[in-house]
Amino acid sequence: GDLDTTFNPGTNASVRAIAVQPDGKILIGGTFTTVGGETRNRIARLHPNGELDTAFNPGANSYVHVLALQPDGKILIGGTFTTVGDETRNRIARLHSNGELDTTFNPGADNNVLTIALQPNGKILVGGGFTNLSGQSRNYIARLHANGELDTAFNPGVSNYVLALALQPDGKILVGGPFITIGGETRNHIARLHSDGELDTAFNPGANNIIWAFALQS
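Residues numbered from 1 in each chain as written. Predicted model: local features only at pLDDT ≥ 70, side-chain atom pairs only at ≥ 80, totals over all residues. Heavy atoms only, no water.

**Student:** Can you walk me through the overall build of the protein in this structure?
**Tutor:** Tallying secondary structure elements over the protein gives 0 helices and 20 strands in all. For the protein, the C-alpha radius of gyration of 17 Å lies close to 17 Å, the compact-globule estimate for 218 residues. Each of the three principal axes of the protein carries a C-alpha extent, and together these read 50 × 40 × 30 Å. Residue burial in the protein is summarised as follows: out of 218 residues, 48% are buried. Total accessible area on the protein stands at roughly 10,400 Å², and carbon and sulfur atoms take up 44% of it. For the protein, the distance from the average site of its 15 positive side-chain charges to the average site of its 19 negative ones is 4 Å. (Helix = DSSP H or I, 4+ residues; strand = E, 2+ residues; numbered from the N terminus. Rg over C-alpha atoms; globule rule 2.2 N^0.38 Å. Buried < 20%, exposed > 50% of the residue type's maximum accessible area, 1.4 Å probe, protein only. Areas by Shrake-Rupley, 256 points an atom, 1.4 Å probe, with all protein chains shown as cover. Lys, Arg positive; Asp, Glu negative; His and termini not counted. Charge placed at Lys NZ, Arg CZ, Asp CG, Glu CD.)

Here it is as structure tokens:
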């Protein structure tokens, strides 16, 4: 628990998301505009020792709240931004491993994207404050195909923001946030879905306040 005094990159504002790549490099997202004294707009990458990776600089025009690494090395980002790398991307985008924008991926959300979870089949679960994704009504939770197209078969519907998503080994989906209903059924801040988006009616622990995060034990 002692502080690692050798690691001190430093940002000028908050870090809200971290993801570690297989090569040990560290992706960070947040509200910052500088890292280690260098300009980095809301997203950056560090070497394992904490030094800035100067080759990686996509830039977003507003907050990055979540990062997710795909098995192919591509990087999903979500937040409040509307441009990434000077290209229009509404609250969700995908980068190549070198930081360049993946121009083939552009679903678009009408409000912030706060959590992302990747399914083994390549589909992408997305939660946040949106009520429209890819031009279609989706209340706070949705699923995308690997190419960014909306999975129209998945539409549980939630009454308020989704702040946390986690996948169980059996494929079921944990959902957390300030909501009180999901799929038309009462669920206080925590729920579980089957892989097709149907509510798992056997799971209803209930919480008296917001669920912000999940961690699955082995």
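The discussion continues.
**Student:** What is the right way to read the pattern of salt bridges from this model?
**Tutor:** Oppositely charged side chains can form a pair if their charged atoms are brought close together. Counted under the stated rule, the structure contains 8 salt bridges. Between R45 and D53 there is a salt bridge, and its shortest N-O distance comes to 2.8 Å. Taking the relative accessible area as the measure of exposure, D53 reaches 4% and is therefore buried. The partner of R192 in a salt bridge is D200, and the shortest N-O contact between them spans 2.8 Å. Both residues of the pair, R192 and D200, belong to the buried class. Salt bridges sharing partners connect three or more residues here, namely K25, R45 and D53. (Salt bridge = Lys/Arg side-chain N within 4 Å of Asp/Glu carboxyl O.)

**Student:** Is there a simple way to explain the sheet that holds strand β17 (residues 173-176) in this structure?
**Tutor:** Two orientations exist for strands paired in a sheet by backbone hydrogen bonds: parallel and antiparallel. If you walk across this open sheet you meet the 3 strands as β16-β17-β20, and the pairing is antiparallel. A strand with exactly one partner marks an edge of an open sheet, and here the two such strands are β16 (164-167) and β20 (190-193). For this sheet, the mean inter-axis angle between neighbouring strands, taken without regard to orientation, is 20 degrees. Relative to β20, β17 is paired through 4 bridges, and the arrangement is antiparallel. What sits directly across from L174, in β20, is R192. (Pairing = 2+ DSSP bridges. Axes fitted to C-alpha atoms, helices over the stretch in contact; angles between N-to-C directions.)

**Student:** Sorry, what's going on with a nonpolar patch on the surface here?
**Tutor:** On the surface, V15, I18 and V20 cluster together into a nonpolar patch covering about 280 Å² of accessible area. What makes V20 exposed here is its relative accessible area of 54%. (Patch = residues over 30% accessible without salt bridge, like charges linked within 9 Å, V, L, I, M, F, W, Y side chains within 5 Å.)

**Student:** Would you take a moment to explain unusual backbone geometry for this structure?
**Tutor:** If you check the backbone angles, D86 has positive phi at about 70 degrees while not being a glycine. In this structure, D86 sits in the loop between β8 (83-84) and β9 (87-88). For D86, a relative accessible area of 77% gives the class exposed. The phi dihedral of S134 is positive, around 55 degrees, even though this residue is not glycine. Positionally, S134 belongs in the loop between β13 (132-133) and β14 (136-137).

**Student:** What's the story with the sheet that holds strand β1 (residues 15-20) in this structure? I'm lost.
**Tutor:** Across the sheet, which stays open at both edges, the 3 strands sit in the order β1-β2-β5 with antiparallel pairing between neighbours. Both edges of this open sheet fall to β1 and β5 (43-46), since each of them pairs with a single strand only. Taken pair by pair, the neighbouring strands of this sheet meet at an average axis angle of 20 degrees, ignoring direction. Two strands pair when backbone bridges link them, and β1 and strand β2 (residues 26-30) are joined in this way by 5 bridges, in the antiparallel orientation. Paired with A19 across the bridge in β2 is L27.

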